[in-house]
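Descriptive structure summary
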Amino acid sequence: MRFIKPINLDENSFILDVRQPEEHAMAELALPHVNQELERLDPLEFIRQNNISPDKTINILCSSGGRASQAAEMFEQAGFDNVAVVIGGLVEAEYEGVPVIHH
């Protein structure tokens, strides 16, 4: 499992936000991303639906890092090792100045 600082994400990063839809509806990263709550995440199905190649890194985000780490472990157990946990999640992203949209 790798880790990435939020400030290192950009428009070309594939970002998976594993927070609840209610959390996502309140605030979200202002970069392109996919929201799929952790409780409903099926790693292999997610990879298939989003046509993710093995060389593409999935950067996983939550509020502070806990659920993202769980999701990364799920992908690794499914045989997809190219995952990175966004350190500190949305809280750290906002602290580092990464744009966050509040609804």
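Above: the structure in question.
Let me sum up the structure you'll find in this document. (Residues numbered from 1 in each chain as written. Predicted model: local features only at pLDDT ≥ 70, side-chain atom pairs only at ≥ 80, totals over all residues. Heavy atoms only, no water.)

Topic: the nonpolar core
Residues Leu-16, Val-18, Leu-41, Ile-58, Ile-60 and Phe-75 are the most contacted members of the largest nonpolar core, which totals 18 residues. Secondary-structure elements contributing two or more residues to this core are β2 (14-17), α2 (43-49), β5 (58-61), α3 (66-77) and β6 (83-86). Ranked by residues supplied to this core, first place goes to α3 with four residues. Residues in contact with Leu-16, not counting those within four places in the same chain, are Val-34, Gln-36, Leu-41, Phe-46, Ile-58, Asn-59, Ile-60, Leu-61 and Phe-75. Listed in part, the 13 residues of the second largest apolar core include Ala-84, Val-86, Val-98 and Val-100. (Core = buried A, V, L, I, M, F, W, Y, C linked by side-chain atoms within 4.5 Å. Buried < 20%, exposed > 50% of the residue type's maximum accessible area, 1.4 Å probe, protein only. Helix = DSSP H or I, 4+ residues; strand = E, 2+ residues; numbered from the N terminus. Contact = heavy atoms within 4.5 Å.)

Examining the pattern of salt bridges
As enumerated under the stated definition, the model contains five salt bridges in all. Here Glu-96 ties to Lys-5 by a salt bridge, and the two come within 3.2 Å at their closest N and O atoms. One end of the pair, Glu-96, is in helix α4 (residues 89-96); the other, Lys-5, is in the loop between β1 (2-4) and β2, with 91 residues separating them in the sequence. Residue Lys-5 is classed as partly exposed on the basis of its relative accessible area of 41%. Two residues, Glu-23 and Arg-67, come together in a salt bridge whose shortest N-O distance is 2.7 Å. Highlighted residues: Glu-23 in helix α1 (residues 21-26) and Arg-67 in helix α3, separated in sequence by 44 residues. (Salt bridge = Lys/Arg side-chain N within 4 Å of Asp/Glu carboxyl O.)

Some details on the sheet that holds β5
Taking strand neighbours across the sheet as the criterion, the five strands line up as β1-β6-β5-β2-β4 in an open arrangement whose pairing is parallel. Two strands in the sheet have a free side with no partner beyond their single neighbour: β1 and β4 (34-35). (Pairing = 2+ DSSP bridges.)

Notes on a nonpolar patch on the surface
A surface patch of nonpolar side chains, about 290 Å² in accessible area, is lined by Met-1, Phe-3 and Ile-87. Within the secondary structure, Phe-3 is located in strand β1. (Patch = residues over 30% accessible without salt bridge, like charges linked within 9 Å, V, L, I, M, F, W, Y side chains within 5 Å. Areas by Shrake-Rupley, 256 points an atom, 1.4 Å probe, with all protein chains shown as cover.)

Details of unusual backbone geometry
The phi dihedral of Asn-51 is positive, around 50°, even though this residue is not glycine. Within the secondary structure layout, Asn-51 lies in the loop between α2 and β5.

Observations regarding α4
Every buried residue belonging to α4 is among Gly-89, Leu-90 and Ala-93, and all of these are buried. Seen end-on, α4 carries its buried residues on one side only, within an arc spanning 105°. Looking at α4, the residues exposed on the side facing more than 90 degrees away from the buried face are Val-91 and Tyr-95. Elements that come into contact with the buried residues of α4 comprise β3 (27-29), β5, β6 and β7 (100-102). (Arc of directions from axis to C-beta.)

So, the pairing of β5
Taking every second residue as pointing to the same face, both faces of β5 are buried, with Ile-58 and Ile-60 on one and Asn-59 and Leu-61 on the other. In this sheet, β5 lies alongside β2 in parallel orientation, the contact comprising four bridges. In the sheet register, Leu-16 faces β5, and the bridge partner there is Ile-60. In the sheet, β5 pairs with β6 via three bridges, with the strands oriented parallel. Looking across to β6, one finds that Ile-60 is bridged to Val-85. Viewed along the sheet, the connection from β5 through α3 into β6 turns out right-handed. (Right-handed = clockwise from strand over helix to strand, strands pointing away.)

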